[in-house]
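Notes for the structure review
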Amino acid sequence: MPHPFELRKEITLDATSEEVWDAIATGPGIDSWFMGRNEVTPGEGGRNGMDLGGHVQESTVTAWQPPLRFAHRSAEADDGSFMAMEFLVEGRDQGSTVLRLVQSGVLGDDWETEYEAMAVGWDMYLHTLAAYLTHFPGRTAAPVGAFRPGAAAPERAWAVLKEALGLPDRLTEGDAVRLAVPGGAPVEGVVDYLAAPAFLGVRTADGLYRFIHSGPDRGNVIVLGHHVFDAGAADVRIERSWKDWLAGLAF
């Protein structure tokens, strides 16, 4: 049975209100820290679109007050489910900004699993937003995504991923690492997000690399959601290399 929900998150960011607005309310900005490839048509009534591997999710902009408030809402499905997002931006002294988000709507039958996944997922994505604004200000990224359904249970998948990436068995947030990148030489980086065995984030000089395991309740899907701040990264061969790499892992 569909179930109404509301999820709230808040984060203080080392960026101005205008910088935060560009990150949350423009396609290139959202591409630099969130999921998929995004497009935003400015203004109330505009289109908000997210392409996740060919599956496009659309919503309508319901509030547009730069740089203070941005909201959008999906259409209602046959079962009554829908999703709404609201971002509230509040500038603070010394150039910092508080971002508050409210995600609400109606979820389907498996609403508890969906709600938990969104709650923990937002922690990782907001951390990525902070990393983007802190380490790559004024730049935008090429999003690189790949999916591997039915990969393996979390612990096994975690071990396989670390080995394939050339990472040590023991990892701690803040560790310096060398990351094996498909089609190129290993790059120096730092583990900037770690919630084993579900989330691994590595920050390098030109990218934010994100490895996500959905968990057994959601099909043991491994998701790559990278943000590469390199002029050559728009080449589709880079995404193809990561997709081939993920498909070739032996679980």
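The model shown is predicted, which means the values in this text are computed figures rather than measured ones.

This paragraph deals with the sheet that holds strand S10 (residues 187–195). What holds strands together in a sheet is hydrogen bonding between their backbones, with the strands either parallel or antiparallel. Pairing is antiparallel in the open sheet, where six strands are placed in the order S8-S13-S12-S11-S10-S9. With partners counted over all chains shown, the strands left at the sheet margins are strand S8 (142–148) and strand S9 (176–179), one partner each. For this sheet, the mean angle separating the axes of adjacent strands, direction not counted, is 25°. Note: S10 against strand S11 (residues 199–204), six bridges, orientation antiparallel. Among the inter-strand pairings, Val190 is bridged to a residue of S11, identified as Arg203. Against the sheet, helix H4 (residues 154–165) contacts S9, S10, S11, strand S12 (207–213) and strand S13 (222–228), and its axis sits at roughly 150° relative to S12. Each of S8, S12 and S13 is contacted by helix H5 (residues 236–247), which is oriented at about 20° to S8, the strand it contacts most.

This part covers the environment of Pro28. Within the fold, Pro28 resides in helix H2 (residues 27–31). Judged by its relative accessible area of 45%, Pro28 falls in the partly exposed class. Considering only alpha carbons, one finds Pro28 and Leu129, 101 residues apart in sequence, at a separation of 13 Å.

Time to look at the packing of helix H1 (residues 17–25) against helix H3 (residues 111–135). It is at 11 Å that the axes of H1 and H3 come closest, and there the two elements cross at 125°. On the basis of the axis angle, H1 is oblique to H3. Pair H1 / H3 crosses with right-handed handedness. Contacts between H1 and H3 involve Glu19, Val20 and Ala23 from the former and Leu129, Tyr132 and Leu133 from the latter. For the contact of H1 with H3, a count of residues per class yields five nonpolar, no polar and one charged.

Reading the values: the criteria
- Residues numbered from 1 in each chain as written.
- Predicted model: local features only at pLDDT ≥ 70, side-chain atom pairs only at ≥ 80, totals over all residues.
- Heavy atoms only, no water.
- Pairing = 2+ DSSP bridges.
- Helix = DSSP H or I, 4+ residues; strand = E, 2+ residues; numbered from the N terminus.
- Axes fitted to C-alpha atoms, helices over the stretch in contact; angles between N-to-C directions.
- Contact = heavy atoms within 4.5 Å.
- Buried < 20%, exposed > 50% of the residue type's maximum accessible area, 1.4 Å probe, protein only.
- Parallel < 35°, antiparallel > 145°, perpendicular 65-115°, else oblique.
- Left-handed = near helix turned anticlockwise from the far one by under 90°.
- Nonpolar A, V, L, I, M, F, W, Y, C, P; charged D, E, K, R; others polar.

Distances and angles like these do not, on their own, reveal function.
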